[in-house]
Amino acid sequence: MYLLFTTLATFVQYYSYLLIFRVLLTWFPTVNWYNQPFAALSQITDPYLNLFRSIIPPLGGMDFSPILAFLALNLVGGLLSAALPFAQAF
């Protein structure tokens, strides 16, 4: 059980890094999202971001959905980290 929680916590942390990198790359309009490695990054992160884009549409040309996506991912990561001591008992 402990191994499962640590693996999930590590996955959430690495996925957060990918999301940060994805959001930072949107500031550069010359990035071609159809070329590698940007296409792979887009395929990995866009399904998760699209969940939140359906909740919060872009307002005034600004996409605020990554903020909600980061909050949800940090909440899950925090819950997993808090559950590690309890999982270690099993």
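Here, every reference points to the structure presented above.
Everything numeric here is computed off the predicted structure, so don't read it as measured data.

Asker: Got a minute to help me understand the packing of helix H1 (residues 2-25) against helix H3 (residues 65-88) in this structure?
Answerer: Across the interface, H1 lies against H3 with an axial gap of 9 Å and an inter-helix angle of 160°. For the element pair H1 / H3, the angle class is roughly antiparallel. Seen from above, H1 lies across H3 with left-handed handedness. Along the contact surface, H1 presents Tyr2, Phe5, Thr6, Leu8, Ala9, Val12, Tyr15, Ser16, Leu19, Ile20 and Val23, while H3 presents Pro66, Phe70, Leu73, Asn74, Val76, Gly77, Leu80, Ala83, Leu84, Ala87 and Gln88. Classifying every residue of the contact of H1 with H3 by side-chain character gives 17 nonpolar, 5 polar and no charged.

Asker: Can you walk me through the environment of alanine 9 in this structure?
Answerer: Mapped onto the elements of the fold, alanine 9 is located in helix H1. Assessed through its relative accessible area of 18%, alanine 9 is described here as buried. Residues alanine 9 and leucine 41, 32 residues apart in the sequence, show an inter-C-alpha distance of 20 Å.

About the criteria used
- Residues numbered from 1 in each chain as written.
- Predicted model: local features only at pLDDT ≥ 70, side-chain atom pairs only at ≥ 80, totals over all residues.
- Heavy atoms only, no water.
- Axes fitted to C-alpha atoms, helices over the stretch in contact; angles between N-to-C directions.
- Helix = DSSP H or I, 4+ residues; strand = E, 2+ residues; numbered from the N terminus.
- Parallel < 35°, antiparallel > 145°, perpendicular 65-115°, else oblique.
- Left-handed = near helix turned anticlockwise from the far one by under 90°.
- Contact = heavy atoms within 4.5 Å.
- Nonpolar A, V, L, I, M, F, W, Y, C, P; charged D, E, K, R; others polar.
- Buried < 20%, exposed > 50% of the residue type's maximum accessible area, 1.4 Å probe, protein only.

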